[in-house]
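Residue-level listing of the chains:
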Amino acid sequence: MTGVGFDLDMTLIDSRPGIRAAYRALTATTGVHVDADLAVTRLGPPLRTELREWFPEADVEEAVTTYRALYPQHAIEPTVPMPGAVAALAAVREAGLRVVVVTSKLGTLAALHLQHLGLAYDELAGDLFAEGKAAALTEHGVRWYVGDHVADMVAAATAGVPGIGVATGPCTAGELADAGAAHVLPDLTAFPALLTRIAVGS
């Protein structure tokens, strides 16, 4: 069965409050300052990319391990669905399609978010970014991929499927379009109507 792929952070969930709390906990634990308010403005790339801004390379892997250990306690509860996320997933199901979540977040942590918020999915692939997401999109039969980052549009193009950009993350509508998005939406509230249109035409 054909699937619709979704990125997670700032596409399906607003994880900024939770990630901010997790970074502050990391600072308290390690003594290394991380500007949590700045870090949450550039979600999308892998965790290591952000941590390299604050930790020496030799300490990055230990920081990743520490952050991920802190994450469940600090980041899950404050996170909320993005506007339109619940209706978007319902629209996918009503169209007889599968929900496939493909994210740069570690899969076990992504699953905690989805379970906590009651966002049902059929397949989940984590720890993937940009071109690295393409294999998962292909494997799970994704027909369209929805994301908030230019790297998500790269993922869609690499997989040979249309990318649907939502301008709810760090990238503007123009940047998403320039990155190859077939459609750009202000947020997911416009997704059900778009899905109806493109699914009929596919």
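Below is a short write-up of the structure. (Residues numbered from 1 in each chain as written. Predicted model: local features only at pLDDT ≥ 70, side-chain atom pairs only at ≥ 80, totals over all residues. Heavy atoms only, no water.)

Notes on the packing of aromatic side chains
Which entries qualify depends on this criterion: In summary, the pairing rule links any two rings of Phe, Tyr or Trp, Trp by its six-membered ring, whose centres are within 6.5 Å, and it sorts them by plane angle into stacked for under 30 degrees, edge-to-face for over 60 and tilted for everything else. Helix numbers and strand numbers start at the N terminus; a helix is a DSSP run of H or I with at least 4 residues, a strand a run of E with at least 2. In this scheme, a residue with accessible area under 20% of its type's maximum is buried, one over 50% is exposed, and one in between is partly exposed, where area comes from a 1.4 Å probe on protein chains only.
Summed over the entire model, instances satisfying the criterion amount to three aromatic pairs. Look at Phe-6 and Phe-191: their rings are 5.6 Å apart centre to centre, the planes differ by 65 degrees, and that puts the pair in the edge-to-face class. Residue Phe-6 is located in strand 1 (residues 3-6), and its partner Phe-191 is located in helix 10 (residues 191-201); the two are separated by 185 residues in the primary sequence. Residue Phe-6 is classed as buried on the basis of its relative accessible area of 0%. Each ring, one from Tyr-23 and one from Tyr-67, has its centre 4.9 Å from the other, and the planes form 40 degrees; the classification is tilted. Here Tyr-67 lies in helix 4 (residues 57-75) and Tyr-23 lies in helix 1 (residues 16-30), a separation of 44 residues in the sequence. Taken as a pair, Tyr-23 and Tyr-67 share a single burial class, namely buried. Through successive ring pairs, a cluster of aromatic residues spans Tyr-23, Tyr-67 and Tyr-71.

Considerations on the pattern of salt bridges
Filter applied, for reference: The salt bridge criterion pairs a side-chain nitrogen of Lys or Arg with a carboxyl oxygen of Asp or Glu, the two atoms within 4 Å.
Going through the model one piece at a time under the given rule, you end up with 12 salt bridges. Here Lys-105 and Asp-9 are joined by a salt bridge, their closest N and O atoms 3.2 Å apart. In this pair, Lys-105 is assigned in the loop between strand 4 (98-102) and helix 6 (107-117) and Asp-9 in the loop between strand 1 and strand 2 (13-14), connecting sequence segments 96 residues apart. An identical accessibility class is assigned to Lys-105 and Asp-9; each is buried. A salt bridge links Arg-16 to Asp-14; its shortest N-O distance comes to 2.8 Å. According to the relative accessible area criterion, Arg-16 is partly exposed, its value standing at 32%.

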